[in-house]
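One-letter residues, chain by chain:
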Amino acid sequence: FPHRRLIGRASQTHFSFPQTKTMSLLVVEEETRQYKKTLGHIKEHLQWLGETVSASDVSLPAPSASDLSTSACEARLNKIKALTGTLQGLVTDLHNHYEEREIARLTAENEELEKKISDAKQRLRTAETANGRLQVPLPSETATTTTTTTTAPAADEQQSKKQQKKDKKKAKKGGNAEGKKKGKNQPAPNVPADASSIDFRVGHILDASMHPDADSLYVETIDVGEEEPRTIISGLAKFVPIEEMKGRMVVICCNLKARKMRGIASHGMVMCAKKDDKIEPLAPPEGAVVGDLIEFEKFPRTETTANELKPKKKIFEQVQPDLFTNTDGVANYKGDPFAIKGKGVCTSTLTQAVVS
């Protein structure tokens, strides 16, 4: 910055006077000239910062030809030194103010750019999902802002090839081997990686409380139509007030394997719509009751739908990228709505949002 060079000039200004009983008026005038030169440098810097100096703050009385005593000259030189120090301090203060102002401006610009980038990414993901493009979520982005953590799935084709290789190895070791019982080691049938494998049901939140070890998590007691209510952990503490959680009707993914979240086991997931910095639980249709099954016309439930999903197969991770709300806020899988027979569809106020 130019201010450093200017302050250096001011600090190098040296004032001296002869150690005699009298002093020439010419010497005093020379010292005054040096002061005015230094003042000019400092005023230049203040103008660069958009500031001005009051004439009364830096004015220097003209030397008196009638008073050339040593004490008068010393007083005048001391006045020059004091004024120079005042100006140097003013320049330093203004520089600090300028840096703070610039830092605040650049920080605000960065935050605005980050928000625009995030909005653009979200719109792109929503548009691609609506057109059937497979989305691969990043594992580092879903730890606290979604109701559960997911890992990035492989593409359908790669997953199918890996599964085929595993099936072949199991078949070689299975019932075709001599001396073994028929079918003893044959592989289990493949679970389809679509919405027919996910057990979505209507749940009722009986109670909700803060997680003792996490500010962003709720511990919820949810009735899904079973003998005992389930304990489910949701990362909604920063998005939905706890009063709005209690007594709420929600959509639950019921066949995920239980997993511990900060020391407490979670037995399911509250399905939510997420858009930008907002997250909202999906709402079942009016008239829905606890335990109602969510169905998809193009992907009907099967006898294995309620079976617990095996984490290694990553079935849910392959289904989730195709879950979203449409322009009417209706939750769907590949355009097929979350529906309850005879009652309606599940919705959210967040349109064209990711569902997870």
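Cut-offs and rules
Residues numbered from 1 in each chain as written. Predicted model: local features only at pLDDT ≥ 70, side-chain atom pairs only at ≥ 80, totals over all residues. Heavy atoms only, no water. Helix = DSSP H or I, 4+ residues; strand = E, 2+ residues; numbered from the N terminus. Pairing = 2+ DSSP bridges. Core = buried A, V, L, I, M, F, W, Y, C linked by side-chain atoms within 4.5 Å. Buried < 20%, exposed > 50% of the residue type's maximum accessible area, 1.4 Å probe, protein only. Salt bridge = Lys/Arg side-chain N within 4 Å of Asp/Glu carboxyl O. Polar contact = N/O pair within 3.5 Å; in protein donor to acceptor, adjacent residues only side chain to side chain. Contact = heavy atoms within 4.5 Å. Phe/Tyr/Trp six-rings, centres within 6.5 Å; stacked < 30°, edge-to-face > 60°.

*Asks:* Hey, could you run me through unusual backbone geometry in this one?
*Replies:* It is generally the case that most residues other than glycine have a negative phi and that most peptide bonds are trans. Although it is not a glycine, Arg-262 sits at a positive phi angle of roughly 55°. Within the element layout of this structure, Arg-262 appears in the loop between strand S5 (259-261) and strand S6 (264-266). Phi is positive for Lys-314, which is not a glycine, with a value near 50°. Relative to the helices and strands, Lys-314 is located in the loop between strand S9 (278-281) and helix H7 (315-319).

*Asks:* Even after reading the chapter, I still don't get the sheet that holds strand S1 (residues 200-210), so can you show me in this structure?
*Replies:* Hydrogen bonds between backbone atoms are what pair the strands of a sheet, whose relative direction is either parallel or antiparallel. Taken together, five strands build an open sheet; the order of strands is S3-S2-S1-S4-S7 and the sheet is antiparallel. Each of the sheet's edge strands pairs with one partner strand only, and the pair in question is strand S3 (230-234) and strand S7 (269-270). Both strand S2 (residues 218-223) and S3 contribute to a ladder of five bridges, which runs antiparallel. In the strand pairing of S3, Val-219 is matched with Ile-233.

*Asks:* Just to check I follow, could you spell out the nonpolar core for this structure?
*Replies:* Proteins that are soluble and globular tend to have nonpolar side chains buried together. Counting residues in hydrophobic clusters, the biggest one holds 28 residues, and the most contacted among them are Phe-200, Met-271 and Phe-338. Sorting the residues of this core by element identifies S1, strand S4 (249-253), H7 and strand S11 (331-333) as the ones contributing at least two each. Per-element tally for this core: the top contributor is H7, with three residues.

*Asks:* Looking at this structure, how should I read the pattern of salt bridges?
*Replies:* Any two side chains of opposite charge can pair, given that their charged atoms come close. This model, assessed by the stated rule, comprises nine salt bridges. Residue Arg-201 is joined to Asp-199 by a salt bridge in which the shortest nitrogen-to-oxygen separation is 2.7 Å. Each member of the pair Arg-201 and Asp-199 is classed as buried. The salt bridge partner of Glu-226 is Arg-230, with a shortest N-O separation of 2.8 Å. Residue classification places Glu-226 among the partly exposed residues on the basis of a relative accessible area of 31%. Taken together, the shared-partner salt bridges in this structure form one network comprising Asp-199, Arg-201, Glu-226, Arg-230 and Arg-301.

*Asks:* I would appreciate a short explanation of the side chain of Asn-255 in the present structure.
*Replies:* Position of Asn-255 among the secondary structure elements: in the loop between S4 and S5. Side-chain polar atoms of Asn-255 contact the backbone nitrogen of Asp-199, separated by 3.1 Å. A polar atom in the side chain of Asn-255 sits 3.1 Å from the backbone oxygen of Asn-307. In this structure Asn-255 touches Ser-197, Ile-198, Asp-199, Thr-305, Ala-306, Asn-307, Glu-308 and Leu-309, once residues within four positions along its chain are discounted.

*Asks:* Please explain the pairing of S1 as it appears in this structure.
*Replies:* The side chains of a regular strand alternate, first on one face of the sheet and then on the other. Strand direction decides the pairing type here: S1 and S4, joined by five bridges, are antiparallel. Residue pairing in the sheet places Arg-201 in a bridge with Ile-252 of S4.

*Asks:* What's the story with the packing of aromatic side chains in this structure? I'm lost.
*Replies:* Working definition: an aromatic ring pair is given by the centre-to-centre distance plus the angle between the planes. All told, the structure shown has five aromatic pairs when counted by the stated rule. When the centroid spacing of 5.1 Å and the interplanar angle of 40° are considered together, the rings of Phe-200 and Phe-338 count as tilted. Linking Phe-200 in strand S1 with Phe-338 in the loop between strand S12 (336-337) and strand S13 (339-340), this pair joins segments that are 138 residues apart in sequence. By relative accessible area, which is 0% here, Phe-200 ends up buried. By relative accessible area, Phe-338 is classed as buried at 0%. Members of the aromatic cluster, each reached through a chain of ring pairs, are Phe-200, Phe-296, Phe-299, Tyr-333 and Phe-338.

*Asks:* Would you explain the pairing of S2 in this entry?
*Replies:* Where S1 and S2 come together, six bridges link them in antiparallel fashion. Paired with His-204 across the strands is Asp-223, a residue of S2. In textbook terms, the turn of a hairpin is the stretch between consecutive antiparallel strands, and for S2 and S3 this stretch comprises six residues, one of which, Gly-225, has a positive phi near 90°.

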